[in-house]
Amino acid sequence: MSKPVFRTKLCDMLGIDYPIMLAAMAPDVSDPRLVAAVSEAGGIGVLACADKSPDEMRDLVKEVKKLTGKPFGIDVGLPIKAKNFTTDYRRALELANLPADHVAFRDGFMADNNIPYDDDTSHATPGMSSIAAYKLSYELGQQQVRAVLDLKPTVFVSALGDPSFMVKDAHAAGIRVMSVIGKTKDAIRVGNGGVDAVIATGTAAGGHSGAVDGTVLVPAVSEAVAPTPVVAGGGVTNGRSLAGMLALGAIGAWVGSRFIASEECSVPDWYKDKLVGATDTSTVRNRWFTGKTTRHIGSEWDRQCDASGLEALPMPEQGILVTPMTIGAAQAGRYEDSGIYCGQGAARITEVLPAATIIKEMIESATEILSRELPTRVSFG
Ligand SMILES: Cc1cc2nc3c(=O)[nH]c(=O)nc-3n(C[C@H](O)[C@H](O)[C@H](O)COP(=O)(O)O)c2cc1C
């Protein structure tokens, strides 16, 4: 696109050409390469730092800046009221004191399905989110916020928490603040806290997702937090879903799964293939991978957990429980059991494309729908 096709308030707020944000996806899916690709193409990449130490965050930001001079964001998961576990897996396991019946169930599942136990988290592939989930803690979130204030990205996004406590400091540092929510009550809380925009993700969203459908959530939140604007996430994979979100009241879209199936995304090819092959009933939403509800491709692990009579442990204990199973499952070629996080919108993804092509097609198609197609289907008077 030689010139911007249409703009929204999000473009002005962040200094970008198109109202498309790369949703943060940890671990290492929204990495410097993908972030830079989206920012270079006129959207804004948001670096996934939920599982990163302040030093790691600094290194990642350096890498982004080598690849692009355009605006980018940083996302961390705060302030989780989880206990302060260490980010070292074996130490986290000692501290967690996992219940014996859950451990026995997991071990039985692994033995029955020839899944090796591997607790070396350096063997994990990008996107293996139980690995990120067990690291989240209130304490880590506070350290990450201090790093963000220092690193001064264009926008800071908080996942799974309320950033109200840092909005004033962020604004003083010239950083915009956004918060991801899945229900209206939480949107009102963060809206009252002074965020610059609320990111409302409906139940179609991949990864941690709520129960409320986007067609209900996005207009409800738009009204509830007005004049604070809303960015909509969950199921946006093309121009039609982007146009739909604008009609529901959003000023732009928070897009995750579509960018997993991009050339610049560093997840293994089998992960991208599963998204391209997904139908609208391929994903499920439950607590079996992290202890909080996540949407992912349905797996044998899900089915057997459902039938087990066990309750999922809270976050981070459930993530600690499944981590060695998910790493081993990928090695055994049991990819679904490794936790393939993606949204229902995967059903609408048919090929892996460069990030710039995804953005170009999304904007051109949304422009066509908004300016030419809709007027042929709607008449007045
Ligand atoms: C693999 C994966 C990892 C994710 N990790 C994070 C994360 O670290 N922080 C966050 O705010 N949201 C995370 N999410 C949720 C996304 O940011 C976003 O809300 C979701 O992908 C939007 O729905 P969509 O996948 O239908 O586009 C993750 C989603 C996926 C698929």
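One structure accompanies this document, and this report is about it. None of these values were measured; they are calculated from a predicted model.

On to the site of the ligand. Contacts to the ligand come from 21 residues, most closely from Ala 24, Ala 159, Gly 235, Gly 256 and Ser 257. For the ligand, an oxygen atom lies 3.3 Å from a polar atom in the backbone of Gly 206. Between the ligand and Gly 256, the relevant distance is 2.8 Å, taken from an oxygen atom to a main-chain nitrogen or oxygen of the residue. Considered on its own, the ligand offers 600 Å² of accessible surface; in the complex 94% of this is hidden by protein. Going through the elements one at a time, β9 (253-255) and α12 (257-260) are the ones with two or more residues in the shell around the ligand. For the shell around the ligand, the residue count by class is 12 nonpolar, 8 polar and 1 charged.

Turning our attention to the pairing of strand β11 (residues 294-297). As paired elements, strand β7 (residues 207-208) and β11 share 2 bridges and run antiparallel to each other. The partner of Gly 207 across the bridge, within β11, is Arg 295. Taken together, the 4 bridges between strand β10 (residues 283-286) and β11 define a ladder with antiparallel strand orientation. Within β11, the position partnered with Thr 283 by the bridge is Ile 297.

Per the counting criterion, the structure on display carries 5 aromatic pairs. Measuring from centroid to centroid gives 5.6 Å for Phe 105 and Trp 301, while their planes differ by 40 degrees, and the two rings are tilted. Of the two residues, Phe 105 sits in helix α5 (residues 100-112) while Trp 301 sits in helix α14 (residues 300-308), which places them 196 residues apart along the sequence. Each member of the pair, Phe 105 as well as Trp 301, is classed as buried. Ring geometry for Phe 109 and Trp 301: centres 5.1 Å apart, planes at 65 degrees, overall edge-to-face.

To continue, consider the pairing of strand β8 (residues 230-233). Across the two faces of β8 the burial is the same, with Val 230 and Ala 232 and Val 231 and Gly 233 all buried. Pairing analysis gives 4 bridges linking strand β6 (residues 197-201) to β8, with the strands arranged parallel. Across the sheet, the residue bridging to Thr 201 is Gly 233, located in β8. The pairing of β8 with β9 spans 2 bridges and is parallel. The partner of Ala 232 across the bridge, within β9, is Ala 253. For the crossover that starts at β8, traverses helix α11 (residues 239-248) and ends in the parallel β9, the hand is right-handed.

Turning to the environment of Gly 319, a few remarks are in order. Mapped onto the secondary structure, Gly 319 falls in helix α15 (residues 317-331). Note on Gly 319: relative accessible area 0%, which makes it buried. It is 8.4 Å that separates the C-alpha atoms of Gly 319 and Ser 129, two residues lying 190 residues apart in sequence. Leave out the neighbours within four places in its chain, and Gly 319 touches Ser 130, Tyr 134, Phe 289 and Thr 290.

Moving on: the sheet that holds strand β5 (residues 176-181). Here we have 8 strands rolled up into a closed barrel, ordered β1-β2-β3-β4-β5-β6-β8-β9, and parallel in their pairing. When the angles between neighbouring strand axes are averaged without regard to direction, this sheet yields 25 degrees. As paired elements, strand β1 (residues 20-22) and strand β2 (residues 44-48) share 2 bridges and run parallel to each other. Bridging from a neighbouring strand, Leu 22 pairs with Gly 45 of β2. Packing of helix α2 (residues 32-40) onto the sheet brings it into contact with β1, β2 and β3 (72-77), and relative to β2 it is tilted by some 165 degrees.

Here we come to a nonpolar patch on the surface. Taken together, the side chains of Leu 370, Leu 374, Val 378 and Phe 380 define a hydrophobic patch exposed on the protein surface, amounting to about 380 Å² of accessible area. Following the sequence through the fold, Leu 370 ends up in helix α16 (residues 355-377).

Let us now look at the side chain of Asp 337. Along the polypeptide, Asp 337 turns up in the loop between α15 and α16. For Asp 337, a relative accessible area of 2% translates into the label buried. At 2.8 Å, the side chain of Asp 337 forms a polar contact with the side chain of Arg 334. Setting aside residues up to four positions removed in sequence, Asp 337 forms contacts with Phe 109, Ile 115, Phe 289, Ser 299, Glu 300, Trp 301, Met 325, Thr 326 and Ala 329.

Criteria and thresholds
- Residues numbered from 1 in each chain as written.
- Predicted model: local features only at pLDDT ≥ 70, side-chain atom pairs only at ≥ 80, totals over all residues.
- Heavy atoms only, no water.
- Near = heavy atom within 4 Å.
- Polar contact = N/O pair within 3.5 Å; in protein donor to acceptor, adjacent residues only side chain to side chain.
- Areas by Shrake-Rupley, 256 points an atom, 1.4 Å probe, with all protein chains shown as cover.
- Helix = DSSP H or I, 4+ residues; strand = E, 2+ residues; numbered from the N terminus.
- Nonpolar A, V, L, I, M, F, W, Y, C, P; charged D, E, K, R; others polar.
- Pairing = 2+ DSSP bridges.
- Phe/Tyr/Trp six-rings, centres within 6.5 Å; stacked < 30°, edge-to-face > 60°.
- Buried < 20%, exposed > 50% of the residue type's maximum accessible area, 1.4 Å probe, protein only.
- Right-handed = clockwise from strand over helix to strand, strands pointing away.
- Contact = heavy atoms within 4.5 Å.
- Axes fitted to C-alpha atoms, helices over the stretch in contact; angles between N-to-C directions.
- Patch = residues over 30% accessible without salt bridge, like charges linked within 9 Å, V, L, I, M, F, W, Y side chains within 5 Å.
- Salt bridge = Lys/Arg side-chain N within 4 Å of Asp/Glu carboxyl O.

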